[in-house]
Amino acid sequence: MKPKKIPMRTCVGCGEQKTKKELIRVVKNNEDQVFIDFVGKANGRGAYLCPDPECLKKAEKRDALSRSLGTRIDKAVYAELQRQLEEKLKK
């Protein structure tokens, strides 16, 4: 029997490849809302980040999240993503 394949994804902040479960998915849905998908099953275009605020800062600096999601992301959205990420890490 073949071993089960483990899905790998690349963090848009640091560029490291990790398992899908180790990363957090950021989604742009059909209404152009950008949010963190903690479950990993929301509809829309997704990009992956390490659960580290520094990776989000790197993605913002390089504009990598905007390129991956195919939309312009405001500073307010980055601030909200930062807040959600820090809230998740406290739990």
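Small disclaimer: the values here were computed from a predicted structure and weren't measured.

1. Observations concerning the pairing of strand S4 (residues 34-37)
- Two strands pair when backbone bridges link them, and strand S3 (residues 24-28) and S4 are joined in this way by 4 bridges, in the antiparallel orientation. Along S4, the bridge assignment pairs Val27 with Phe35.

2. Observations concerning the confidence of the model for the protein chain
- Averaged over every residue, the pLDDT of the protein chain is 89; the share at 70 or more is 99%.
- Of all the helices and strands in the protein chain, helix H3 (residues 75-90) carries the lowest mean pLDDT, 86, while strand S2 (residues 17-19) carries the highest, 95.

3. Things to note about helix H1 (residues 53-62)
- Among all positions in H1, only Pro53, Cys55, Leu56 and Ala59 are buried. Buried residues along H1 cover an arc of 160 degrees about the axis, so they all sit on one side.
- Those residues of H1 that are buried are in contact with strand S5 (45-49), helix H2 (64-69) and H3.
- Trailing H1 by a residue or two, Asp63 shows a phi angle of about 60 degrees, which is positive.

4. Details of the nonpolar core
- Residues Val12, Val26, Leu49, Leu56, Leu65, Leu69 and Leu81 are the most contacted members of the largest nonpolar core, which totals 21 residues.
- Every element with two or more residues in this core is listed here: S3, S4, S5, H1, H2 and H3.
- With sequence-adjacent residues up to four places away left out, Val12 is seen in contact with Ala47, Tyr48, Leu49, Ala59, Arg62, Ala64, Leu65 and Ser68.

Basis of the calculations
Residues numbered from 1 in each chain as written. Predicted model: local features only at pLDDT ≥ 70, side-chain atom pairs only at ≥ 80, totals over all residues. Heavy atoms only, no water. Pairing = 2+ DSSP bridges. Helix = DSSP H or I, 4+ residues; strand = E, 2+ residues; numbered from the N terminus. pLDDT = per-residue confidence, 0-100. Buried < 20%, exposed > 50% of the residue type's maximum accessible area, 1.4 Å probe, protein only. Arc of directions from axis to C-beta. Contact = heavy atoms within 4.5 Å. Core = buried A, V, L, I, M, F, W, Y, C linked by side-chain atoms within 4.5 Å.

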